[in-house]
Each structure stands twice: as C-alpha cells, then as structure tokens.
Amino acid sequence: CLDVSNSMNVKDIDGTSRLEVSKRALSQLVNQLTGERIGICVFAGNAFVQLPLTMDYHAAKLFIQEIQTDMIEQAVERSGYRDAKELIDYIKSL
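Residues numbered from 1 in each chain as written. Predicted model: local features only at pLDDT ≥ 70, side-chain atom pairs only at ≥ 80, totals over all residues. Heavy atoms only, no water.

Caption draft 1: Looking closely at the state of the cysteines. Taken as a whole and judged by the stated rule, the model has one disulfide. Note on cysteine connectivity: C1 is disulfide-linked to C41, with sulfurs 2.1 Å apart. Highlighted residues: C1 in the segment before β1 (2–3) and C41 in strand β2 (residues 38–43), separated in sequence by 40 residues. (Disulfide = S-S within 2.5 Å. Helix = DSSP H or I, 4+ residues; strand = E, 2+ residues; numbered from the N terminus.)

Quick look at the structure:
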C-alpha cells in the first residue's frame, strides 16, 4: 500500500518528493522479485487497488510510474489508512 495523500508531495532534504522516493523504492523492490505475486493499493481519503495481484512485473512498474497524489479523493485522509488496512486484512484472508 502506498500513501498518496498531499503530504507525499513534500520535498525532503534532497529536494525529491516523498512520493517519488516511495515509487523508486517500489520499483527497486519489483526488480528483485522472482516468482512472487505483487499487488498495489493506494490510499488517501479512500483506498483502492491500483494493481491486482500479478506476476507481471513490467505492468507493475508501469502502474507504479502512474501513481500521483491527485488520483483519489482526499477528503478524510485518516479514513484512507483504515480502508487500506481493511483491504490488506482481506487480501491476507484469501
């Protein structure tokens, strides 16, 4: 799960936004996968599945590149965290 709330636009010491650092880290993680499935969900005001579970690492990296902070409504950011946690719990139960 990746936080896409507006706070992820903050640029830290090196001038790179938190979102860009997170996306880079996710892409590096995907580069290390061999045979595992990966899924991506994003959250802010709401949470949703950006990429369902897949072994298509090329698609995963394309989806990661497209993640932006304006992709979902951010009315109540704290509820987005709760929704994301519920989604993770559901996926674990499968």
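Caption draft 2: Up close: the environment of K23. Within the secondary structure, K23 sits in helix α1 (residues 18–32). In this structure, the C-alpha to C-alpha distance between K23 and L2, residues 21 residues apart in sequence, is 8.6 Å. The contacts of K23, once residues within four sequence positions are left out, are L2, I64, Q65, I67 and Q68. Within the structure, the side chain of K23 is placed 3.2 Å from the backbone oxygen of Q65, a separation counted as a polar contact. (Contact = heavy atoms within 4.5 Å. Polar contact = N/O pair within 3.5 Å; in protein donor to acceptor, adjacent residues only side chain to side chain.)

Caption draft 3: Highlighting a nonpolar patch on the surface. Taken together, L53, Y90, I91 and L94 make up a surface patch of nonpolar side chains, about 430 Å² in accessible area. Its location among the elements puts Y90 in helix α3 (residues 77–93). Accessibility expressed as a relative area gives 52% for Y90, which makes it exposed. (Patch = residues over 30% accessible without salt bridge, like charges linked within 9 Å, V, L, I, M, F, W, Y side chains within 5 Å. Areas by Shrake-Rupley, 256 points an atom, 1.4 Å probe, with all protein chains shown as cover. Salt bridge = Lys/Arg side-chain N within 4 Å of Asp/Glu carboxyl O. Buried < 20%, exposed > 50% of the residue type's maximum accessible area, 1.4 Å probe, protein only.)

Caption draft 4: The pattern of salt bridges, seen in detail. All told, the structure shown has two salt bridges when counted by the stated rule. Two residues, E20 and K23, come together in a salt bridge whose shortest N-O distance is 3.4 Å. In this pair, E20 and K23 are both assigned in helix α1, three residues apart and thus about one turn of the helix distant. Classification of E20 by relative accessible area gives partly exposed; the value is 35%. You can call K23 buried: its relative accessible area is 7%.

Caption draft 5: Representation of the side chain of T54 within the structure. In this fold, T54 is placed in strand β3 (residues 47–54). Residue T54 is classed as buried on the basis of its relative accessible area, which comes to 19%. Residues in contact with T54, not counting those within four places in the same chain, are E36, R37 and I38.

Caption draft 6: Broad picture of the pairing of β2. Burial runs high along β2: five of the six residues are buried. Sheet analysis places β1 next to β2, joined by two bridges and oriented parallel. From the neighbouring strand, D3 faces β2, where its bridge partner is F43. Here β2 pairs with β3 via five bridges, running antiparallel. Looking at β3, one finds that I40 is bridged to L51. (Pairing = 2+ DSSP bridges.)

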